[in-house]
Structure formats: structure tokens, C-alpha cells
Amino acid sequence: GLIALPDQTEAAFAFVCDGVGGCAGGDVASSIAIGQCLQSTTHHFWKNTWETPKSLSPVLSEVIKTANEAVANNATNTPQLKEMATTIVGMLYYKGKMAVAGVGDSRVYLYREGLLEQLTKDDSLPQQLVDKGIITAEEAENHPMNNVITHFLGLRENLESLTVHEYAVKPGDCIVLSSDGFHKF
């Protein structure tokens, strides 16, 4: 999704989930995760836990971890969906500050002054190779295993390493949230 925030916008949020292929129930996992994110984010907003920019990162982290628990619990209770999983990226915005985070290979980009910058890092096998200096970022884009993700929601995935980044948002900025089907196109 593309988000262009009007100048008077005080608060906004967005999430994109993409069910993991190769496992039954990816569509169910992404639906559960989105539903839980909507519920949790709305709950935090109405409790005024977004009052200060400092609160954006912990709120986004908690929302994503709660979505993970919802997917994992549903997988446990539905044997035919025991391996369901989904990727996720999320964005919370409040009064000129934005927090972003992702799990899997969905991404958040910032489009500012004609430049597109990737704000989240893929949880993928090629990205691990880039991080270790074995291949370049350009080689990772065409790597034969670029669809192998290393973290995702569901399957009791441990999200202790979830990283949330915060950014200042300027007038004219556009935020883009995408699944791999979009950014690999």
C-alpha cells in the first residue's frame, strides 16, 4: 500500500501481511495477523499509549508480537493449519514520527524528494549472505533462494530479535508497504 499523509494527519497506521507459500493456510495466517494488528493498534490508540514519540516503537513491537501469538495459537488449535505462517510489515505514525518493523520479506519504503529508500531489512537466506559479506545486495536480488525466508509469524516463531526503527516524516513523504510479490516484480 502507498500512504501519503496529509499535512494535518495526527496519527495513522498500516500493515501488510503476505501468507507464506508452501504451507497450508498462508491466507488464513495473514488474515488472522491483520485482524489482530487492527484490534491491537486501535486498542493502543484509544488508550492514548501513542502520546509521546517514545511510545511508538514498543507499541509496534507489541502489536506484531501479539499478531504472532494469534497466528501460532490458531495453528495449534487447527491441525490442518499447523504450519501456517505469514510475513508482516507495519508502520505507526504520530505527529511527524514514524516507527516501522517487519518480519519476513515484506518491506517498508520511504519515498522522499524523488528517492526511494528501503527502511526494513528482509529476513531471508540471501540477506543473511549479504550481511556476512558472502554476496552483494545486487546478487541477492537474483539469488536462486531469494524466496527462502528465515523469520515469519506463526509456528511459535521467536520474535525477540524484532527490530523497530523510527524516522521523522516530512511533508510530501510517501510510505510504501509491500509484499515480495510487489517489490520483486
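Higher on the page you've got the structure.
Residues numbered from 1 in each chain as written. Predicted model: local features only at pLDDT ≥ 70, side-chain atom pairs only at ≥ 80, totals over all residues. Heavy atoms only, no water.

A. Quick look at the nonpolar core. Grouped together as the largest cluster of nonpolar side chains are 27 residues, with contacts concentrated most on F15, L60, I64, M84, I88, V103 and L153. When residues of this core are traced back to their parent elements, those giving at least two are β2 (11-19), α1 (26-46), α2 (56-77), β3 (86-94) and β4 (97-103). With 9 residues, α2 is the largest single contributor of residues to this core. Sequence-distant contacts of L60, that is, excluding residues within four places in its chain, are made with F15, G90, M91, L92, A99, V100, A101 and V164. Counting 14 residues, the second largest nonpolar core, distinct from the first, contains A12, V89, L110 and V169. (Core = buried A, V, L, I, M, F, W, Y, C linked by side-chain atoms within 4.5 Å. Buried < 20%, exposed > 50% of the residue type's maximum accessible area, 1.4 Å probe, protein only. Helix = DSSP H or I, 4+ residues; strand = E, 2+ residues; numbered from the N terminus. Contact = heavy atoms within 4.5 Å.)

B. Representation of the environment of G22. With respect to the helices, strands and loops of the structure, G22 is situated in the loop between β2 and α1. On the accessibility criterion, G22 (85% relative accessible area) is exposed.

C. Layout of α1. In this model, α1 (21 residues) spans 30 Å end to end at C-alpha, consistent with the 30 Å of a helix rising 1.5 Å per residue. Looking at the buried side of α1, the elements it contacts are β2, α2 and β3. (Expected span 1.5 Å × (residues − 1).)

D. The sheet that holds β2, seen in detail. Judged by pairing direction, the sheet is antiparallel, and its 4 strands sit side by side in the order β2-β3-β4-β7 without closing on themselves. Looking along the sheet, the strands with just one partner apiece sit at the ends: β2 and β7 (165-168). Taken over all neighbouring pairs, the strand axes of this sheet differ in orientation by 15° on average, direction set aside. In this sheet, β3 lies alongside β2 in antiparallel orientation, the contact comprising 9 bridges. Bridging from a neighbouring strand, C17 pairs with I88 of β3. (Pairing = 2+ DSSP bridges. Axes fitted to C-alpha atoms, helices over the stretch in contact; angles between N-to-C directions.)

E. How the structure looks around the pairing of strand β5 (residues 107-112). Sheet analysis places β5 next to strand β8 (residues 174-178), joined by 5 bridges and oriented antiparallel. What sits directly across from V108, in β8, is L177. Of the pairings in the sheet, the one linking β5 to strand β6 (residues 115-118) comprises 4 bridges and is antiparallel in character. When the sheet's bridge partners are listed, L110 is paired in β6 with E117. The antiparallel pairing of β5 with β6 creates a hairpin that spans 2 residues between the two strands, and E113 there sits at a positive phi of about 50°.

F. Region of interest: the pattern of salt bridges. Per the counting criterion, the structure on display carries 4 salt bridges. Here R112 makes a salt bridge to D173, at a shortest N to O gap of 2.6 Å. In this pair, R112 is assigned in strand β5 and D173 in the loop between β7 and β8, connecting sequence segments 61 residues apart. Accessibility expressed as a relative area gives 5% for D173, which makes it buried. Bridged by salt links that share partners, the residues R107, D122 and E141 form one connected network. (Salt bridge = Lys/Arg side-chain N within 4 Å of Asp/Glu carboxyl O.)

G. Looking closely at the pairing of β4. Across the 7 residues that make up β4, a large majority, 6, are buried. Pairing between β3 and β4: 7 bridges, direction antiparallel. Considered in β4, the bridge of V89 is made with G102. Hairpin connection from β3 to β4: 2 residues lie between these consecutive antiparallel strands, with K95 at a positive phi of about 45°. In terms of strand pairing, β4 meets β7 through 4 bridges, oriented antiparallel. Residue A99 lies in a different strand from β7, and its bridge partner there is E166.

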